[in-house]
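Notes for the structure review
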Amino acid sequence: MGIVIMKTIRPVLERKPGIYRPGEMVHGATKWVLAEPAVATTILGMTAYEHVDWNLQAAGRALSVRERAALADRARQIAHTYCRLCGKCEPACPRQVAICDVMRFAGYYWEYRNPAGARARYASLAPTRSGAACDGCGRCNRACPFWLPVARRVQEAHRVLA
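Owing to the predicted nature of the structure, the values given are computational and were not obtained by experimental measurement. (Residues numbered from 1 in each chain as written. Predicted model: local features only at pLDDT ≥ 70, side-chain atom pairs only at ≥ 80, totals over all residues. Heavy atoms only, no water.)

Digging into the overall build of the protein chain
Here is the rule we go by: We count a stretch as a helix when DSSP gives it H or I for four or more residues in a row; a strand needs E for two or more, and each element gets its number in order from the N terminus. Exposure is judged per residue with a 1.4 Å probe applied to protein chains only, and the accessible area is read against the type maximum: over 50% gives exposed, under 20% gives buried, and values in between give partly exposed. Where accessible areas are quoted, they stem from the Shrake-Rupley method and a 1.4 Å probe; at the residue level, only the protein chains shown are allowed to cover.
Assigned secondary structure in the protein chain consists of 7 helices and 2 strands. Scanning the protein chain from its N terminus toward the C terminus, one meets helices and strands in the order β-α-β-α-α-α-α-α-α. Overall size of the protein chain, expressed as C-alpha extent along the three principal axes, is 50 × 35 × 30 Å. Each of the 162 residues in the protein chain was classed as buried or not, and the buried ones make up 36%. When the accessible surface of the protein chain is totalled, it reaches about 9600 Å², and 56% of it is carbon and sulfur.

Set out below in structure tokens:
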């Protein structure tokens, strides 16, 4: 039995076109995950053949001091901006919005730049579980261990996904 890690590079991506290229952030994130003894493998999203080559360059190599520093800097930058989909906010929602699903689909829209796929998945949510049901009460914000503005993000996601 082994652990498989998904979304390895999502936290290091920025919402800018062309950010997925060889370099410290992408390779470093992959190396960091694969260096964990309990991890058997990782699933890396690839949309071009050159991504296969980039990912293979990271496999079996040690994390450099420079890559470790770049990852630490990125972790500090996103500490209070990146949703980990932990689910701690959902029980706090009096409207029972499917916050993790909404945030996941928003990630497909913004980080993965897949608006059609994100909207199709969002459309599968019952209106009472979508961002349409969010009244902005903020209870989810207080429940988030990472101090994210969850209610605002759910409402923003609804605006772009509905």
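Focus: the side chain of Ser130
Keep this limit in mind: Residue contacts follow a heavy-atom distance rule, with two residues in contact if any of their heavy atoms lie within 4.5 Å.
Note that Ser130 resides in the loop between α5 (115-123) and α6 (139-143). Under the relative-accessibility criterion, Ser130 is labelled buried at 5%. Each residue touching Ser130, except ones within four places of it in the same chain, is listed here: Val97, Val102, Tyr122, Leu125 and His158.

Structural notes on a nonpolar patch on the surface
The criterion, for reference: Each patch is built from residues that are more than 30% exposed by relative accessible area and take part in no salt bridge. Like charges join if they lie within 9 Å; nonpolar side chains (Val, Leu, Ile, Met, Phe, Trp, Tyr) join within 5 Å. A pairing counts as a salt bridge when a side-chain nitrogen of Lys or Arg comes within 4 Å of a carboxyl oxygen of Asp or Glu.
Residues Val4, Met6 and Ile43 make up a contiguous nonpolar surface patch of about 280 Å² in total accessible area. Positionally, Val4 belongs in strand β1 (residues 3-6). For Val4, a relative accessible area of 44% corresponds to the partly exposed category.

Notes on helix α3 (residues 65-78)
Worth spelling out the cut-off: To estimate the expected span of a helix, count its residues, drop one, and scale the result by 1.5 Å. The arc under discussion is defined with respect to the helix axis, by the directions toward the C-beta atoms.
Taking 1.5 Å of rise per residue, the 14 residues of α3 would be expected to cover 20 Å, and the 20 Å separating its terminal C-alpha atoms lies within 8% of that figure. Within the sequence span of α3, burial applies to Glu67, Ala70, Leu71, Arg74 and Ile78. Viewed along the axis of α3, the buried residues span an arc of 100 degrees, placing them on a single side of the element. Counted as exposed and oriented over 90 degrees from the buried face of α3: Val65 and Arg76.

Section: the nonpolar core
Using the following cut-off: Definition used in this section: a nonpolar core is a set of buried Ala, Val, Leu, Ile, Met, Phe, Trp, Tyr and Cys residues joined via side-chain atoms within 4.5 Å.
Val97, Ile99, Val102, Val150, Val154 and Leu161 are the most contacted members of the largest nonpolar core, which totals 24 residues. The set of elements that each furnish at least two residues to this core consists of α4 (99-110), α5 and α7 (150-161). When residues of this core are assigned to their parent elements, the largest contribution, 7 residues, is made by α4.

Considerations on the pattern of salt bridges
The tally for this structure, following the rule as stated, stands at 5 salt bridges. One salt bridge connects Glu67 with Lys31, and the closest N-O pair in it is separated by 3.0 Å. Pair noted here: Glu67 is in helix α3 and Lys31 is in helix α1 (residues 24-34), with a separation of 36 residues, a long-range link. For the pair Glu67 and Lys31, one class covers both residues: buried. The partner of Asp101 in a salt bridge is Arg104, and the shortest N-O contact between them spans 2.7 Å. Taken together, the residues span about one helical turn, with Asp101 and Arg104 both in helix α4 at a distance of 3 residues.

Details of the confidence of the model for the protein chain
Basically, it comes down to this: For every residue, the predictor reports its confidence as pLDDT, a number between 0 and 100.
Counting all residues, the mean pLDDT for the protein chain is 86, and 90% of those residues have values of 70 or more. Predicted confidence for residues 15-22 stays below pLDDT 50, and this span has 20 contacts to residues more than four positions away or in other chains.

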